[in-house]
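Structural overview
The residues making up each chain are set out below.
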Amino acid sequence: MFQNILLVALGGGLGAVLRYFSNVFFTSNFPSKPYISTLLVNVVGSLLIGLFYYLTELFDFREGVRIFFVVGFLGSLTTFSTFSYEFINMIDEKAFLLAVKYILLNILLSGICVFLFIRLIKS
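To start, this report covers the structure provided alongside it.

Conventions used here
- Residues numbered from 1 in each chain as written.
- Predicted model: local features only at pLDDT ≥ 70, side-chain atom pairs only at ≥ 80, totals over all residues.
- Heavy atoms only, no water.
- Helix = DSSP H or I, 4+ residues; strand = E, 2+ residues; numbered from the N terminus.
- Buried < 20%, exposed > 50% of the residue type's maximum accessible area, 1.4 Å probe, protein only.
- Areas by Shrake-Rupley, 256 points an atom, 1.4 Å probe, with all protein chains shown as cover.
- Lys, Arg positive; Asp, Glu negative; His and termini not counted.
- Charge placed at Lys NZ, Arg CZ, Asp CG, Glu CD.
- Polar contact = N/O pair within 3.5 Å; in protein donor to acceptor, adjacent residues only side chain to side chain.
- Contact = heavy atoms within 4.5 Å.
- Patch = residues over 30% accessible without salt bridge, like charges linked within 9 Å, V, L, I, M, F, W, Y side chains within 5 Å.
- Salt bridge = Lys/Arg side-chain N within 4 Å of Asp/Glu carboxyl O.
- Axes fitted to C-alpha atoms, helices over the stretch in contact; angles between N-to-C directions.
- Parallel < 35°, antiparallel > 145°, perpendicular 65-115°, else oblique.
- Left-handed = near helix turned anticlockwise from the far one by under 90°.
- Nonpolar A, V, L, I, M, F, W, Y, C, P; charged D, E, K, R; others polar.
- Expected span 1.5 Å × (residues − 1).

1. Quick look at the overall build of the chain
- Of regular secondary structure, the chain possesses five helices and zero strands.
- Across its three principal directions, the C-alpha atoms of the chain cover 50 × 35 × 25 Å.
- When each of the 123 residues of the chain is scored for burial, the buried share is 28%.
- Accessible surface, the chain: about 7,900 Å² in total, of which carbon and sulfur atoms supply 73%.
- Measuring between centres, the 8 positive side-chain charges of the chain sit 6 Å from its 6 negative side-chain charges.

Shown next, in the form of structure tokens:
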């Protein structure tokens, strides 16, 4: 049990740091598009979780690898709590079209990424 907690903490720390750097990079380089970072990490995170589950069909990973990568790293990298907060800010700013695009892009692109890798596993 302690080993699993340590794996989650290590993976989570790495994912959180990467999430932070992504946010710093995009808000610094694209100040007019502050929501790009969350969209990107959610889509990339969905690609990575799909890829991970595809690879688990090909290789026999230890449970600790899943705990570290999926629960820890991806759990802290992809931030749907931030997604929700940013959505509400768009609504408060009356940027309704942007808010709709933001929801659709996050959910559809992330879902499509996982769907494609699941299809790849089953083929």
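Further notes follow.
2. Concerning the side chain of Asn106
- Along the chain, Asn106 falls in helix α5 (residues 96–122).
- At a separation of 3.0 Å, a polar atom in the side chain of Asn106 contacts the main-chain carbonyl oxygen of Tyr102.
- When neighbours within four sequence positions are excluded, Asn106 is seen to be in contact with Thr38, Leu39, Asn42 and Phe83.

3. Some details on the side chain of Asn42
- You can see Asn42 is positioned in helix α2 (residues 36–58).
- In contact with Asn42, other than residues within four places in its own chain, are Thr78, Thr79, Phe80, Phe83, Asn106 and Ser110.

4. Brief notes about a nonpolar patch on the surface
- A cluster of nonpolar side chains, namely Val100, Leu104, Leu108, Ile112, Phe115 and Leu116, defines an oily patch on the protein surface of about 560 Å² accessible area.
- One can find Leu108 in helix α5.
- Look at Leu108 and you get partly exposed, because its relative accessible area is 49%.

5. Observations regarding the packing of α2 against helix α3 (residues 63–77)
- Orientation of α2 relative to α3, taken along the N-to-C sense of each, is 170 degrees, at an axis distance of 10 Å. On the basis of the axis angle, α2 is roughly antiparallel to α3. Note that α2 runs across α3; the crossing there is left-handed. Residue-level inspection shows Val41, Gly45, Leu48, Ile49, Phe52 and Tyr53 of α2 in contact with α3, the latter providing Val65, Arg66, Phe69, Val70, Phe73, Leu74 and Leu77.
- Partitioning the contact of α2 with α3 into residue classes produces eleven nonpolar, one polar and one charged.

6. Comments concerning α3
- For α3, spanning 15 residues, the distance from its first C-alpha to its last is 20 Å, which sits close to the expected 21 Å at 1.5 Å a residue.
- Along α3, the positions that sit buried rather than exposed are Ile67, Val70, Gly72, Phe73, Leu74, Ser76 and Leu77.
- Looking at the buried side of α3, the elements it contacts are α1 (2–29) and α2.

7. Comments concerning the packing of α1 against α2
- Between α1 and α2, whose axes approach to 8 Å, the crossing angle comes to 140 degrees. Regarding the angle of α1 to α2, the classification is oblique. For the element pair α1 and α2, the recorded crossing hand is right-handed. In this structure, α1 contributes Arg19, Ser22, Asn23 and Phe26 to the contact, and α2 contributes Ile36, Ser37, Thr38, Leu40 and Val41.

Honestly, that's just the spatial picture; any functional story needs more than this.
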